[in-house]
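Each chain, letter by letter, is given below.
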Amino acid sequence: MPTLMTFLLRLFLVLAGLLFAASMAVAAVLMVTLWGVRAAWAKVTGQPVTPFIARFNMRSGFDRVYRQAAQAPSRTPRADAVQPRREIGDVTDVEPKL
């Protein structure tokens, strides 16, 4: 009986992997098709065919966090921001021990 369960689990995992691979292949074919249609439309209208590029700057994430840290107030209190301690006046709800 355990061999049947193991076989069914392996079969399920293989089928899930095949489904995932097929969905990735469909997504890739769809993207290539859309880029081809875009390039063909550019040729028909006489515009230059530009490559499909995703540009990114690796330093932009660090710069954004660095700017946010500079603008955000500090979470640690400064010495001049501490309120002076008040003197407690008469305490009436305490009975002294003798």
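Coordinates for the structure precede this section.
What counts and what doesn't
- Residues numbered from 1 in each chain as written.
- Predicted model: local features only at pLDDT ≥ 70, side-chain atom pairs only at ≥ 80, totals over all residues.
- Heavy atoms only, no water.
- Helix = DSSP H or I, 4+ residues; strand = E, 2+ residues; numbered from the N terminus.
- Buried < 20%, exposed > 50% of the residue type's maximum accessible area, 1.4 Å probe, protein only.
- Areas by Shrake-Rupley, 256 points an atom, 1.4 Å probe, with all protein chains shown as cover.
- Expected span 1.5 Å × (residues − 1).

Once that is clear, we can look at the overall build of the protein. Counting its secondary structure elements, the protein contains 2 helices and 0 strands. Taken over 98 residues, the protein has a buried fraction of 2%. Entry remark: accessible area of the protein is about 10400 Å², with carbon and sulfur atoms responsible for 67%.

This next bit is on helix 1 (residues 2-45). If you check helix 1, its first and last C-alpha atoms are 64 Å apart, about what 44 residues at 1.5 Å a residue would give, namely 64 Å. In the segment just after helix 1, Gly 46 is the residue with positive phi, at about 85°.

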